[in-house]
Amino acid sequence: MKSLFMMALTLAAVMTVSAQDYKVETFKTKSGKDVNITLIKHATLAIDYQGYEIHVDAVPNYGTDYSKFPKGDLILVTHEHGDHFNPETIELISKPNNLLFMNQRCFDRMNKGMVLRNGDTRNITKDISLKVVPAYNTTPDHLQFHPKGVGNGYVLNIDGLKIYIAGDTEDIPEMSNLKDEQIDVAFIPVNQPYTMTVEQAIRAAWMIQPKVLIPYHFGQTDIKPIKERLDAAKSGIEVWLREMQ
């Protein structure tokens, strides 16, 4: 039987946040508070915790109308590519005196915010902390897309609920360290030639061992085999297939 915490993890809800309908997954923290993760598209997420608003890789992909979204208390950017970084959108969704974290290349283009590097940690509020983890390519003829040490992945700890946002990466060896983090929800990119193959995503899942895995940033990749193979192997990982092309 699943624990009460795992049962809470699998609760989901849908709400309308703009002219379009977006899927919102609602998770419970260790103390029973709601964390609502809006799955916008591609690598773009919006996270609400008790009215504290977090935006990740906010870009106007697929016609997203950001004027309909709450403004962000915390804005995270994984790296400088246009499907992850859009200065105009960041300006639109920024609150006065909010926190804006990005890599060096984004800062060089925007000249605003704070640079975080792989290995950095931050305490955001009394309930929220952040760890920066590597995100890079390892396939020899793909190294130019995301060089090591440039892009960021993020682990958000929200009142004990741990969310891994991988950014653009392959199944790098550093992912094995995340198993000890006891990740609750992992967002893993599956898109060739820039991020992972299905095989790499499955290997990443085994390394990370999240409770819930949500493939994202997958373009035209058929992600159904990820769920089929992890289910067949009785991995204990819940794979949720969502419209995150």
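Further up the page is the structure itself.
Residues numbered from 1 in each chain as written. Predicted model: local features only at pLDDT ≥ 70, side-chain atom pairs only at ≥ 80, totals over all residues. Heavy atoms only, no water.

The next subject is the packing of aromatic side chains. Scanning the model with the defined rule gives five aromatic pairs in all. Taking 5.6 Å as the distance between ring centres and 10° as the angle between the ring planes, the aromatic pair formed by F27 and W240 counts as stacked. Of the two residues, F27 is situated in strand 2 (residues 21–28) and W240 in the segment after strand 15 (238–239); the sequence distance between them amounts to 213 residues. A single burial state applies to F27 and to W240, both of which are buried. Centre to centre, the rings of F187 and Y216 are 5.7 Å apart; their planes meet at 55°, and the pair counts as tilted. Of this pair, F187 sits in strand 13 (residues 185–189) while Y216 sits in strand 14 (residues 212–216), and the two are 29 residues apart along the sequence. Like Y216, F187 is buried. (Phe/Tyr/Trp six-rings, centres within 6.5 Å; stacked < 30°, edge-to-face > 60°. Helix = DSSP H or I, 4+ residues; strand = E, 2+ residues; numbered from the N terminus. Buried < 20%, exposed > 50% of the residue type's maximum accessible area, 1.4 Å probe, protein only.)

If you look at the biggest cluster of nonpolar residues, it comprises 58 residues, and the most contacted ones within it are I47, I54, L156, I163, Y164, F187 and I226. If one sorts the elements of this core by residue count, helix 4 (residues 198–208) sits on top with six residues. Setting aside anything within four residues of it in sequence, one finds Y164 in contact with V133, Y154, V155, M175, L178, I183, V185, A186, F187, I188 and I208. Core analysis: the next-biggest nonpolar cluster, separate from the first, contains 15 residues, Y22, I90, I93 and C106 among them. (Core = buried A, V, L, I, M, F, W, Y, C linked by side-chain atoms within 4.5 Å. Contact = heavy atoms within 4.5 Å.)

Here we take up the environment of M114. By the secondary structure assignment, M114 is in strand 8 (residues 114–115). Expressed as a C-alpha distance, the spacing of M114 and K28, which sit 86 residues apart in the sequence, is 30 Å. Look past the residues within four positions of M114 in its chain and what remains in contact with it is L99, L100, F101 and M102.

Right, let's talk about the side chain of N36 for a bit. By the element assignment, N36 lies in strand 3 (residues 34–41). We classify N36 as buried; its relative accessible area is 17%. In this structure the side chain of N36 is engaged in a polar contact, spanning 2.7 Å, whose partner is the side chain of T26. When sequence neighbours within four positions are dropped, the list of residues in contact with N36 reads V24, E25, T26, A46, I47 and D48. (Polar contact = N/O pair within 3.5 Å; in protein donor to acceptor, adjacent residues only side chain to side chain.)

Right, let's talk about the packing of helix 4 against helix 5 (residues 224–232) for a bit. The relative placement of two packed helices comes down to the angle between their axes together with the axis-to-axis distance. It is the contact of helix 4 with helix 5, at a shortest axis distance of 9 Å, that shows an interaxial angle of 45°. One finds that helix 4 runs oblique with respect to helix 5. For helix 4 against helix 5, the interelement crossing comes out right-handed. Residues V198, E199, A201, I202, A205 and W206 of helix 4 form the contact with helix 5, whose participating residues are P225, I226, R229 and L230. For the contact of helix 4 with helix 5, the residue count by class is eight nonpolar, no polar and two charged. (Axes fitted to C-alpha atoms, helices over the stretch in contact; angles between N-to-C directions. Parallel < 35°, antiparallel > 145°, perpendicular 65-115°, else oblique. Left-handed = near helix turned anticlockwise from the far one by under 90°. Nonpolar A, V, L, I, M, F, W, Y, C, P; charged D, E, K, R; others polar.)

Function cannot be read off these values alone, since they describe shape.
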